[in-house]
Amino acid sequence: MSRTIVVITAGLSQPSSTRLLADRIAEAVTTQVSARGESATVEVIELRELAHDLATTMTTGGMPTEAVKAARDKVTAADGLIAVSPVFTASYSGLFKMFMDVLDTDAINGMPVIIAATAGTARHSLVLDHAMRPLFTYLRSVVVPTSVFAATEDFGGGEGGSSLTSRISRAASELAALVVAESGAVAGFAPNDRDLDGPRRRTSGTEVSQEVTPFEEMLRGLGG
């Protein structure tokens, strides 16, 4: 069976260290998926190329352009996600946030995700746990335990490069295990079926069928 891994990369320069990290993670994931007897196809979404379309979408009441629609469809249909952003002002980039804002509410519900970031110095590494992980948790995706941070020095040889390779390999193994649904393959990390198979659907333009209890009724009978 072939699995689809979508890579979201928010690097602005060309060439980009963010894209370089994304490619290394994607290669490691395909290797790990193959080792489990399946194949993986990688599709890359370069947010830099969508900058104008995202701005248009945000300033027209959320009406997506064709390019944004195509990118959203890729994400929704993916079996796994690799999300990589450069660090700007102690958080993910504005371009990265814009794309996450235009995704449908349930687009990555239950989807296995690797989060990763790049910056000039290791002092920014906390962005993964204090910004990116909460974002994807809010969107109800299944973020693998190992995140990947790469400072400029990590792309060279020596101890930093070796440590980066190790983190990439571990994160790729965790994502591959979830993508091929090998229960318990990741030590201490075994989400249930609902985590892996949660609904992913478009919600824009649909009616909410659930009845909502008015707040006044909920408070009825309470003193104070």
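Fair warning: this is a prediction, and the values are worked out from it, not measured in the lab.

## Re the pairing of strand β5 (residues 112-119)
Then, in step 1: Counting buried residues along β5, eight of its eight residues qualify, which places the element largely inside the surrounding structure.
Then, in step 2: A two-sided burial pattern is seen for β5, the buried positions comprising Pro112, Ile114, Ala116 and Thr118 on one face and Val113, Ile115, Ala117 and Ala119 on the other.
Then, in step 3: Where β5 lies against strand β6 (residues 142-143), two bridges are found, and the strand directions are parallel. Of the residues in β6, the one forming a bridge with valine 113 is valine 143.

## Structural notes on the pattern of salt bridges
Then, in step 1: For the structure shown, the criterion picks out nine salt bridges.
Then, in step 2: The partner of arginine 19 in a salt bridge is glutamate 46, and the shortest N-O contact between them spans 2.7 Å. Here arginine 19 is found in helix α1 (residues 17-35), whereas its partner glutamate 46 is found in strand β2 (residues 39-46), with 27 residues between them in sequence.
Then, in step 3: A residue is classified by how much of its surface remains accessible, and arginine 19, at 27% relative accessible area, is partly exposed.
Then, in step 4: For glutamate 66, the salt bridge goes to lysine 69, with nearest N and O atoms at 3.6 Å. One end of the pair, glutamate 66, and the other, lysine 69, are both in helix α3 (residues 66-77), three residues apart, so they sit about a helical turn from each other.
Then, in step 5: According to the relative accessible area criterion, lysine 69 is partly exposed, its value standing at 34%.
Then, in step 6: Residues participating in the shared-partner salt-bridge network are Arg19, Asp23 and Glu46.

## Digging into the packing of aromatic side chains
Then, in step 1: Inspection of the entire model under this criterion finds two aromatic pairs.
Then, in step 2: Measuring from ring centre to ring centre gives 5.8 Å for tyrosine 92 and phenylalanine 96, while their planes differ by 45 degrees; the resulting arrangement is tilted.
Then, in step 3: We classify phenylalanine 96 as buried; its relative accessible area is 0%.
Then, in step 4: Cluster of aromatic residues (ring-pair linked, three or more members): Tyr92, Phe96 and Phe136.

Criteria and cut-off values
Residues numbered from 1 in each chain as written. Predicted model: local features only at pLDDT ≥ 70, side-chain atom pairs only at ≥ 80, totals over all residues. Heavy atoms only, no water. Buried < 20%, exposed > 50% of the residue type's maximum accessible area, 1.4 Å probe, protein only. Helix = DSSP H or I, 4+ residues; strand = E, 2+ residues; numbered from the N terminus. Pairing = 2+ DSSP bridges. Salt bridge = Lys/Arg side-chain N within 4 Å of Asp/Glu carboxyl O. Phe/Tyr/Trp six-rings, centres within 6.5 Å; stacked < 30°, edge-to-face > 60°.

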